[in-house]
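# Close look at the chain arrangement
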Amino acid sequence: MPFVTAKAIPTKYAGHFFRSRLEARWAVFFNTCGIKWEYEPEGYALPSGPYLPDFWLPEVSLRGPNPGVWVEVKPEYPNDEDERKAVELSGETGYPVIILAGQGFLLDNGTFVGYQIDATKKTDGDDAPCNPKYPGYHVNWDDSMSLLRCTMIHCRHVQFEYREASYWYCPKCGAWANNFPFHNAAIAAQCERFDRRP
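The structure reproduced in this document is the subject of the present report. (Residues numbered from 1 in each chain as written. Predicted model: local features only at pLDDT ≥ 70, side-chain atom pairs only at ≥ 80, totals over all residues. Heavy atoms only, no water.)

Attention now goes to the packing of helix α1 (residues 21-33) against helix α3 (residues 183-191). Between two packed helices, both the angle of their axes relative to each other and the distance between the axes serve to describe the pair. Where α1 meets α3, the closest approach of the two axes is 8 Å, and the angle between their N-to-C directions is 145°. Crossing of α1 over α3 shows right-handed handedness. Within the contact between the two elements, α1 uses Arg25, Val28, Phe29, Thr32 and Cys33 and α3 uses Asn184, Ala185, Ala186, Ala188, Ala189, Gln190 and Cys191. Residues belonging to the contact of α1 with α3 are distributed by class as follows: 8 nonpolar, 3 polar and 1 charged. (Axes fitted to C-alpha atoms, helices over the stretch in contact; angles between N-to-C directions. Helix = DSSP H or I, 4+ residues; strand = E, 2+ residues; numbered from the N terminus. Left-handed = near helix turned anticlockwise from the far one by under 90°. Contact = heavy atoms within 4.5 Å. Nonpolar A, V, L, I, M, F, W, Y, C, P; charged D, E, K, R; others polar.)

Core analysis: the largest hydrophobic core is formed by 31 residues, its most contacted members being Phe29, Phe55 and Phe160. Mapped onto this core, the elements with two or more residues apiece are α1, β6 (55-57), β7 (60-62), β8 (69-74), β9 (97-101), β11 (138-150), β12 (158-162) and α3. When residues of this core are assigned to their parent elements, the largest contribution, 8 residues, is made by α1. With near-sequence residues (within four places) excluded, Phe55 lies in contact with Phe18, Glu23, Trp26, Ala27, Phe30, Trp37, Glu38, Tyr39, Val69, Trp70, Val71 and Val73. Formed by 12 residues, the second largest nonpolar core is a distinct cluster that contains Leu46, Val87, Leu89 and Tyr115. (Core = buried A, V, L, I, M, F, W, Y, C linked by side-chain atoms within 4.5 Å. Buried < 20%, exposed > 50% of the residue type's maximum accessible area, 1.4 Å probe, protein only.)

Here we take up the environment of Ala177. Mapped onto the fold, Ala177 is located in strand β13 (residues 177-178). Along the primary structure Ala177 and Leu147 are separated by 30 residues, whereas in three dimensions their C-alpha atoms are 9.5 Å apart. In contact with Ala177, not counting residues within four places along its chain, are Leu148, Arg149, Cys150, Thr151, Trp168, Tyr169 and Cys170.

In this structure, Asn178 sits in strand β13. Exposure remark for Asn178: the relative accessible area of 10% places this residue in the buried category.

Judged by how many residues are buried, β12 sits mostly within the fold: 5 of 5 residues are covered. Both β7 and β12 contribute to a ladder of 3 bridges, which runs parallel. Each bridged residue has a counterpart across the sheet, and for Ser61 the counterpart in β12 is Gln159. (Pairing = 2+ DSSP bridges.)

We now examine the pattern of salt bridges. Using the criterion set out here, one finds 4 salt bridges in the structure. With its nearest N and O atoms 3.9 Å apart, the salt bridge here joins Glu72 to Lys74. Grouping residues by exposure puts Glu72 and Lys74 together as buried. Residue Asp82 pairs with Lys74 through a salt bridge whose shortest N-O separation is 3.7 Å. Take Asp82 and Lys74: they sit in the same class, and that class is buried. Each member of the salt-bridge network shares a partner with another, and the members are Glu72, Lys74 and Asp82. (Salt bridge = Lys/Arg side-chain N within 4 Å of Asp/Glu carboxyl O.)

Purely geometric numbers; function is a separate question.
Here is the structure:
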């Protein structure tokens, strides 16, 4: 699905002023999922200059048990500069970065388009680093990522993972994980009418 670039509409939601309606829709998605999020919590002095990440998800992981992931929202596929900044952010903070491309919650079956960037892991040799300060960074492109929740009541861990079902297990307790709880959140994000919110 091609992305359409248009001027961002600043939007108020949940006590925050978002720089774009797309960012606000992702906040609706996270809220409806019951996922704790922080919007632009603090800026960082990266090697390429000052940077203010969009979202911090302190209780969500990227393909593993360790919580904490940055989320960047882009209206279209990220360019080389977007990737470079994400690599720097991951390398400087020690947490992975997900770049969500477009209105990913519009895809079927609870999947979305995203880049996974982790400068805390060694590359498998397929990717050349875009910044020599982070020679071991790992970057993956996935046009069908899923947000999964563990099915065990005592765990309920949430993680970003590939859509492929063989990956759908909880990295903390080993139980089955699925994306079913997030389907309604996708609908809520699509249907939110911010102009009606007081």
